[in-house]
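In case you want the letters, here they are:
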4 protein chains.
Amino acid sequence: MSSVKNIIIGVMGGGDALIEDRETAYRLGKLIAVQGWILLNGGRACGIMEASAKGAMENGGVTVGILPDADSEQVSEYISIPILTGMGNARNCINILTSHYIVAFPGGAGTLSEIALALKNKRPLILLNSDSEGLFDKYAKKDLLFSAHTADQAIEIINNLIRKRQS
Amino acid sequence: MSSVKNIIIGVMGGGDALIEDRETAYRLGKLIAVQGWILLNGGRACGIMEASAKGAMENGGVTVGILPDADSEQVSEYISIPILTGMGNARNCINILTSHYIVAFPGGAGTLSEIALALKNKRPLILLNSDSEGLFDKYAKKDLLFSAHTADQAIEIINNLIRKRQS
Amino acid sequence: MSSVKNIIIGVMGGGDALIEDRETAYRLGKLIAVQGWILLNGGRACGIMEASAKGAMENGGVTVGILPDADSEQVSEYISIPILTGMGNARNCINILTSHYIVAFPGGAGTLSEIALALKNKRPLILLNSDSEGLFDKYAKKDLLFSAHTADQAIEIINNLIRKRQS
Amino acid sequence: MSSVKNIIIGVMGGGDALIEDRETAYRLGKLIAVQGWILLNGGRACGIMEASAKGAMENGGVTVGILPDADSEQVSEYISIPILTGMGNARNCINILTSHYIVAFPGGAGTLSEIALALKNKRPLILLNSDSEGLFDKYAKKDLLFSAHTADQAIEIINNLIRKRQS
């Protein structure tokens, strides 16, 4: 792996999540692994975090979890590299800064803070199955905010963005 | 000052702010000082931060600024106690955790992240002159999200909340 | 209070501390208050933190506590402004960056990390009653590391440093 | 990779480092990779960080860099997974919490703060070629502080510790 080639995809979303969203998260994790990208999330054993990490790891991917905790009690078994921050929600900033592209599932206020930080730090952000479409338009810079309804669409958007950067 | 009595009011809002919002922020700062409360904000010399700190300090109040920076170059002159974090947006978490009540002016994505963190950490939150009313309802726990159209209304809401806690 | 005039003195030292050191910490807190300076420490209700904050508050001083915790359960009653970081030891960086001058009592590994960060960030550092004299010489830049055996000596060193900066 | 099996070795040491220490760091990185462990360091393109990451990556290892920066300008090319914290020295806490075992080379005050945090957080710590032997004894809990004079010795100490935990 080289730092030039490694693309890190942040996957954000609630610890409580609907079964449909968890299934989509699993598929997104799988597709991220198949692309050869690294999946990054909050690292805990629940919701979108667990489902996306499982999808990636079961398909040969590398998964990085940025934990709010100072110990490893709540780390998902599908995280290959657990980063223990001991910083609570302050770790949300690390999630965003470290990710090259971010996919946000429906979630609670924690996910909302990560969406906000993505917009603030100008990371390309894809809302997946969001019920908040349109809501963040006024906060977004041009060509940084997208919507998708399936995991496959999200991957396609990211691939288009990568191609644009390279051209 | 005793830690039991000191009430800390977090004032959030954009570094770029409309003149009307800055005037309201000045008045809010003044009223916070008059109540004997401590004003907390992001500490920089611009927008809602500067205006609210000025209003408080010129009326005898104590102002605490939680800076994203590791040095004091961008500290507002109206901050009595500048806390240098060197942590960028991660300091937004400190703003929220430290404040007993939070007033949010219109702002950009940074302010949005603070609103999200207030909802996440269950701090009573008052949106002042917000164009986003209704938007955060689904993220809010009962009796923690309020709207105001003037600084005086925001102070009244806080005083009501303080009375309820004491009774 | 104005940000230009407010001098913040960081007082570091163990949560477990000898009675002699706690007495010296109380006197140091008192002298800091008498000078009109602000005392900053880790904010908890034990050891050097509690003793120094008590000395300052009982003599009319303002005390700022930078807590590792996300809630106020362990805040000393002698802290006028408790800053809740929820960041564990990462808050040690804030202690150091925010303080203009630092006095370190004997302590454990936490205090050692704050001494190291003071040296790293070039904050003038006074070791008070330290059994580690000489130990940090190789890490220190010129004129930034001092030793004192009493609270009064520490204050004198700080006053000399302030005079030098002003001249 | 599974989170149960992945062992993370933190390698700390100066950005300025002697050629001998950089050579030892390269060999340590190589041996970490050969063992199948993950190397973690501060991620920048200098000193012990660069040398140890190079040794690991050129021998097939995975390298995680916990950067103080919010952008990737100073990331070493030998880091496979750069974690951007934007938190300055507060990231030193993450280095320590995330590492299962820590090897510290000679360094400046930054390295000293990481040694202190390792002792504070009870991470097994091996001082490699240190001129500070004996210095940290009073801060260390039983069986958590070791000395080595070669990279091979450091690896042997870690392997002994892993065997003890498993038995």
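Along each chain, residues carry numbers from 1 onward, in the same order as the chain's sequence is written. Lettering of chains starts at A and numbering of ligands starts at 1, both following the order in which they are written. Local features in this predicted model are restricted to residues whose pLDDT is 70 or higher, and side-chain atom pairs enter the listing and the counts only when it is 80 or higher, whereas totals over whole chains, interfaces and linings include all residues. Values shown for side chains rest on all heavy atoms present in the structure; no hydrogens or waters enter the calculation.

Engineer: How would you sum up the relation of the copies chain D and chain A? Please name residues and give values.
Structural biologist: Least squares is used to superpose the copies, and the fit set is the C-alpha atoms of residues whose pLDDT is at least 70 in both copies. You can overlay chain D on chain A at an RMSD of 0.0 Å; the transform is a turn of 180 degrees with a shift of 0.0 Å along its axis. Such a combination of turn and shift is consistent with a two-fold rotation axis. Taking the C-alpha atom as reference, chain D places isoleucine 83 of chain D closest to the rotation axis, 4.6 Å from it.

Engineer: Explain the sheet that holds strand 2 (residues 38-41) of chain C to me, and be specific about the residues and the numbers.
Structural biologist: All names here are of chain C. For two strands to be treated as a pair, DSSP must find no fewer than two bridges joining them. Counting from the N terminus, the helices are the DSSP runs of H or I reaching at least four residues and the strands are the DSSP runs of E reaching at least two. Reading across from one edge, 4-3-2-1-5-6-7 is the order of the seven strands in this open sheet, with parallel pairing throughout. Two strands lie at the open edges of the sheet, namely strand 4 (81-84) and strand 7 (145-148), each paired on one side alone. Between one strand axis and the next, the sheet turns through 25 degrees on average, direction left out of account. Note: strand 2 against strand 3 (residues 63-67), three bridges, orientation parallel. Bridge pairing in strand 3 links leucine 39 to threonine 63. For helices, the axis comes from a line fit to the C-alpha atoms of the stretch in contact; other axes are also lines fit to C-alpha atoms, and the angle between any two N-to-C directions lies between 0 and 180 degrees.

Engineer: Help me get a handle on the sheet that holds strand 6 (residues 125-128) of chain D, residues and values and all.
Structural biologist: Within a beta sheet, neighbouring strands are joined by backbone hydrogen bonds and run either parallel or antiparallel to one another. All names here are of chain D. One open sheet accounts for seven strands, arranged 4-3-2-1-5-6-7; its pairing is parallel. In this open sheet, the two strands that pair with only one neighbour each are strand 4 (81-84) and strand 7 (145-148). Sheet twist, expressed as the mean angle between neighbouring strand axes with direction ignored, is 25 degrees. Strands in contact with helix 4 (residues 109-120) are strand 1 (8-12), strand 5 (101-104), strand 6 and strand 7; relative to strand 6, the strand with the most contacts, it is inclined by about 150 degrees. We call two residues in contact when some of their heavy atoms are within 4.5 Å.

Engineer: Account for the relation of the copies chain D and chain C, with residues named and values stated.
Structural biologist: If you rotate chain D by 180 degrees and push it 0.0 Å along the axis, it lands on chain C with an RMSD of 0.0 Å. A share of 100% of interface residues in chain D that are also interface residues in chain C marks the association as one of identical surfaces.

Engineer: Before we move on, could you go through the interface of chain D and chain C and cite the residues and values that matter?
Structural biologist: Each partner contributes to the interface: chain D provides 20 residues, whereas chain C provides 20 residues. Summed over both sides, the interface of chain D with chain C buries roughly 1,700 Å², with 70% coming from carbon and sulfur. Summed over both partners, the accessible area lost on bringing two parts together, with a 1.4 Å probe, is the buried area. By the criterion of area lost to chain C, the three top residues of chain D are Asn89, Leu112 and Tyr139 of chain D, representing 31% of everything that side buries. Whenever a carboxyl oxygen of Asp or Glu lies within 4 Å of a side-chain nitrogen of Lys or Arg, that contact is scored as a salt bridge. Put simply, chain D and chain C have zero salt bridges between them. When residues in the side of chain D that touches chain C are grouped by element, the largest group, eight residues, is from helix 4 of chain D.

Engineer: Kindly report on the interface of chain D and chain A, identifying the contributing residues and their values.
Structural biologist: Counting residues at the interface gives 27 residues for chain D and 27 residues for chain A. Summed over both partners, the interface of chain D with chain A buries about 2,000 Å², with 72% contributed by carbon and sulfur atoms. Summed over the shared surface of chain D and chain A, the result is zero salt bridges. In the analysis that follows, any N or O atom pair within 3.5 Å is treated as a polar contact, provided that within protein one partner can donate a hydrogen and the other can accept it, and provided that, for residues neighboring in sequence, both atoms belong to side chains. For the interface between chain D and chain A, the tally reads four residue pairs in polar contact (both at pLDDT 80 or more). Those elements giving two or more residues to the side of chain D that touches chain A turn out to be strand 3 (63-67), strand 4 and helix 3 (91-98) of chain D. Here the side of chain D that touches chain A takes four residues from strand 4 of chain D, the largest share from any one element. Throughout this entry, Asp, Glu, Lys and Arg are counted as charged residues, while Ala, Val, Leu, Ile, Met, Phe, Trp, Tyr, Cys and Pro are counted as nonpolar. The remaining residues, Gly among them, count as polar. Residues belonging to the side of chain D that touches chain A are distributed by class as follows: 17 nonpolar, eight polar and two charged.

Engineer: Pulling in residues and values, what's your account of the pattern of salt bridges?
Structural biologist: Pairing between side chains of opposite charge can happen when the charged atoms of each approach one another. Taken as a whole and judged by the stated rule, the model has 12 salt bridges over all chains. Where aspartate 152 of chain C meets arginine 27 of chain C, a salt bridge forms, and the shortest distance between an N and an O atom there is 2.8 Å. Residue aspartate 152 of chain C is found in helix 5 (residues 151-166), and its partner arginine 27 of chain C is found in helix 1 (residues 19-35); the two are separated by 125 residues along the sequence. Think of it in three bands: with a 1.4 Å probe and only protein chains considered, a residue is buried below 20% of the maximum accessible area for its type, exposed above 50%, and partly exposed in between. Given a relative accessible area of 37%, aspartate 152 of chain C falls into the partly exposed group. We note a salt bridge from arginine 44 of chain D to aspartate 69 of chain D, for which the minimum N-O separation is 2.6 Å.

Engineer: Which residues make up the confidence of the model for chain A, and what are the values?
Structural biologist: Of the residues in chain A, 96% have a pLDDT of 70 or more, and the chain-wide mean is 94. On the interface metric, ipTM, the complex scores 0.95, and its pTM is 0.96. For every residue, the predictor assigns a confidence score, pLDDT, that lies between 0 and 100.

Engineer: Can you lay out the environment of tyrosine 139 of chain C for me, pointing to particular residues and giving the numbers?
Structural biologist: Structurally, tyrosine 139 of chain C is set in the loop between strand 6 (125-128) and strand 7. Here tyrosine 139 of chain C falls in the buried class, since its relative accessible area comes to 11%.

Engineer: Pulling in residues and values, what's your account of the packing of helix 3 (residues 91-98) of chain B against helix 4 (residues 109-120) of chain B?
Structural biologist: Residues and elements named next belong to chain B. Between helix 3 and helix 4, the shortest axis-to-axis distance is 9 Å and the interhelical angle comes to 45 degrees. Classed by the angle they form, the pair helix 3 and helix 4 counts as oblique. In the crossing of helix 3 with helix 4, the sense of the turn from one axis to the other is right-handed. In this structure, helix 3 uses Asn92, Cys93, Asn95 and Ile96 to contact helix 4, whose residues at the interface are Gly110, Ser113, Glu114, Leu117 and Ala118. For the contact of helix 3 with helix 4, the per-class residue count stands at four nonpolar, four polar and one charged. Each angle is binned into one of four classes, with values under 35 degrees roughly parallel, values over 145 roughly antiparallel, values of 65 to 115 roughly perpendicular, and all other values oblique. Each helix crossing is assigned a hand: it is left-handed if the near helix lies turned anticlockwise from the far helix by less than a right angle, otherwise right-handed if that turn is clockwise.

Engineer: Talk me through helix 3 of chain D; I want residue IDs and the actual numbers.
Structural biologist: Burial runs high along helix 3 of chain D: eight of the eight residues are buried. The set of residues buried in helix 3 of chain D consists of Arg91, Asn92, Cys93, Ile94, Asn95, Ile96, Leu97 and Thr98 of chain D.

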